[in-house]
Amino acid sequence: MDKFIINGNKTLHGEVTVSGAKNAVVAIIPATIMVNGVCRIENVPRVSDVIIQLEILQQMGARVRSLNPTTVEIDCRGMRNARTPEDLMRKLRASYYLIGTLLGRYHKAEVAMPGGCNFGGVRPIDQHVKGFEALGATVSIKNGYVYAEAPQGLRGANVYLDVVSVGATMNVMLAATMAQGQTVIENAAKEPHIVDLANFLNAMGADIMGAGTDVIKIRGVETLHGGTYSVIPDQIEAGTYMAAVMATGGSVLVRNVIPKHLECITAKLEEMGAQVEELDDAVRVTRLEPLNKINLKTLPYPGFPTDMQPQLVAALCLAQGTSVITEGVWDNRYRYVEELRRMGARIQVDGKVAIVEGVPELTGAKVQACDLRAGAAMVIAGLAAHGTTEVDGIAYIERGYENIVEKLQGLGADITRVTVPEEDRMPMAR
Ligand code: EPU
């Protein structure tokens, strides 16, 4: 268990290149299970969630080959197993996409209940289950496993999602891809990674229309063929580097992005006093003075992403005035606030609302990353703080950020990754 050591209070300058979108690729990799051919996937981020997923597929009989650091070839034709390895499955949240794809290919799935980031709240999958049942599967959850079965095969149906859920939208889309007849998902989520999954499936021969709107129509096809696909850039990784510039000051060119996907973030950074210049596949973020307070509510896309909330709060700790943040997606995503307080932040939380009173400076401290984006917020706070910050629990951060240390070093940050001797480790749960 390693940690990051950050000597802060340095402005960021230069260029950073964003990797492929984690939340797209964690659905695309399981989708290859349904493909009768070889899938070559490009722009794959080497983050631990992806490495675990590839291992899961290999253990189930897939042939996985890395062609270069960002390209993998996956061939699932030799796969013979609808049961997933439990120990690896518990390590990631996105394991639930295997239910949709295994149902699609085998009409049967036995998948260990998802693990993944812990925000302290419940992370239900009732809408996924509702969708699978509408397509004719029977689903039960026992002994930590989800069992789903449709001996007669899946049949297209209308699925109205009661909550706008990224995971349920993608999972129902996956299951419906090879179902008999047409499926319509209503009240679908519209995130860029949903469009990316649909584009991947269509590139392999699926018939999906409307991804990116709240009604998605899927006409089932009998087979999917192999092909090459390049994953979209990671909107949240890009936003995280943009938020870091807001906290530290400076000017950074963020490369390999789709500026349209960043508009929901850019609008808020501009309110905070950033200058954001949009180029073809890059944005340049420059922090102007002073850093302004803002009010912010997280919402499903195209609203401001919940996965950027902790990083922006870290920057707002240093704004002039008091910001009001409302978390509109998750019940509880403020566990990290206690850690920021150790660095001198003034934040009060009441249910889904956080009141962030700007302070002139943060001071380095020993802090814990309690989930992926909370960990990113700790790094941002550490980069801006006076003195040294030690971030523990970095395994969470490495789930979703490829080479974060090297990328920040390239921007002039003083951050290193060190191995902690056993006896000096902080307890994980505080
Ligand atoms: N919900 C239900 N029932 C369900 C599913 C979701 O009530 O069956 C609720 C959740 O409790 C939550 C809301 O719906 O309040 C939205 O959850 P969603 O299903 O959209 O989240 P998810 O698919 O589990 C993905 C990302 C998260 C991101 C959310 C929201 C992946 C692997 N994870 O999770 O990303 O916060 O969408 O955008 O795609 C992250 O990357 O740090 C991360 C946690």
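Structure first, text after, so check above.
Residues numbered from 1 in each chain as written. Predicted model: local features only at pLDDT ≥ 70, side-chain atom pairs only at ≥ 80, totals over all residues. Heavy atoms only, no water.

1. Some details on the sheet that holds strand β14 (residues 250–255)
Rules: Pairing between two strands requires that DSSP report at least two bridges joining them. Helical segments are the DSSP runs of H or I of at least four residues, strand segments are the runs of E of at least two, and each set is numbered from the N terminus. A fitted line through C-alpha atoms serves as each axis, taken over the contacting stretch for helices, and the angle formed by two N-to-C directions is quoted from 0 to 180°. In what follows, residue pairs with any heavy atoms lying within 4.5 Å of each other are defined as contacts.
An order of β2-β14-β16-β15 is seen for the four strands of this open sheet, with the pairing classed as mixed. Either end of the sheet is taken by a strand with one partner, and the two such strands are β2 (12–17) and β15 (274–278). Direction aside, the axes of adjacent strands within the sheet are offset by 10° on average. Sheet analysis places β2 next to β14, joined by six bridges and oriented parallel. Looking at the pairing, His-13 lines up with Ser-251 of β14. Across the face of the sheet, helix α8 (residues 235–248) comes into contact with β2, β14, β15 and β16 (282–287) while running at roughly 20° to β16.

2. Quick notes on the site of the ligand
Formally: The cutoff for a nearby residue is simple: one of its non-hydrogen atoms must lie within 4 Å of the molecule or strand. In the analysis that follows, any N or O atom pair within 3.5 Å is treated as a polar contact, provided that within protein one partner can donate a hydrogen and the other can accept it, and provided that, for residues neighboring in sequence, both atoms belong to side chains. The protein chains shown are the only cover counted for residues, whose accessible areas, like all others here, come from Shrake-Rupley with a 1.4 Å probe. When residues are grouped by polarity, Ala, Val, Leu, Ile, Met, Phe, Trp, Tyr, Cys and Pro land in nonpolar, Asp, Glu, Lys and Arg in charged, and all others, Gly among them, in polar.
Within the structure, the ligand sits among 23 residues, and Gln-127, Ser-165, Val-166, Asp-307 and Val-329 are positioned closest to it. Within the side chain of Lys-22, a nitrogen or oxygen atom sits 3.2 Å from an oxygen atom of the ligand. At a separation of 2.9 Å, an oxygen atom of the ligand approaches a polar side-chain atom of Tyr-96. Protein burial of the ligand: of its 820 Å² of free accessible surface, 91% is covered by the chains. Those elements that place two or more of their residues in the shell around the ligand are α1 (22–31), α5 (126–134), α6 (166–176) and α12 (372–384). With three residues, the top contributor of residues to the shell around the ligand is α5. Of the residues belonging to the shell around the ligand, the class tally is ten nonpolar, six polar and seven charged.

3. Overview of the packing of helix α10 (residues 309–316) against α12
Note the threshold: Roughly parallel refers to an angle under 35 degrees, roughly antiparallel to one over 145, roughly perpendicular to one between 65 and 115, and oblique to any angle outside these ranges. Less than a right angle of anticlockwise turn of the near helix away from the far helix marks a crossing as left-handed, whereas a clockwise turn marks it as right-handed.
Running from amino to carboxyl end, α10 crosses α12 at an angle of 20°, the nearest separation of the two axes being 7 Å. Judged by the inter-axis angle, α10 sits roughly parallel to α12. Crossing of α10 against α12: the hand is right-handed. In contact with Pro-310, Gln-311 and Ala-314 of α10, α12 contributes Arg-373, Ala-374, Ala-376, Ala-377, Ile-380 and Ala-381. Its residues placed into classes, the contact of α10 with α12 shows seven nonpolar, one polar and one charged.

4. Some points on the environment of Val-337
If you trace the backbone, Val-337 turns up in helix α11 (residues 337–341). When the C-alpha positions of Val-337 and Ala-377 are compared, they lie 9.6 Å apart, and in sequence the two are 40 residues distant. Once you skip the residues sitting within four places of it in the chain, Val-337 turns out to touch Ile-347 and Val-349.

5. Some words on the state of the cysteines
Which entries qualify depends on this criterion: In this description, the term disulfide denotes a pair of cysteine sulfurs within 2.5 Å. A 1.4 Å probe rolled over the protein chains alone gives each residue an accessible area, and that area as a share of the maximum for its type sets the label: buried under 20%, exposed over 50%, partly exposed in between.
In this structure the tally under the stated criterion is zero disulfides. Unpaired in this structure, Cys-76 has its nearest cysteine sulfur neighbour in Cys-39, at a distance of 7.2 Å. Given a relative accessible area of 0%, Cys-76 falls into the buried group.

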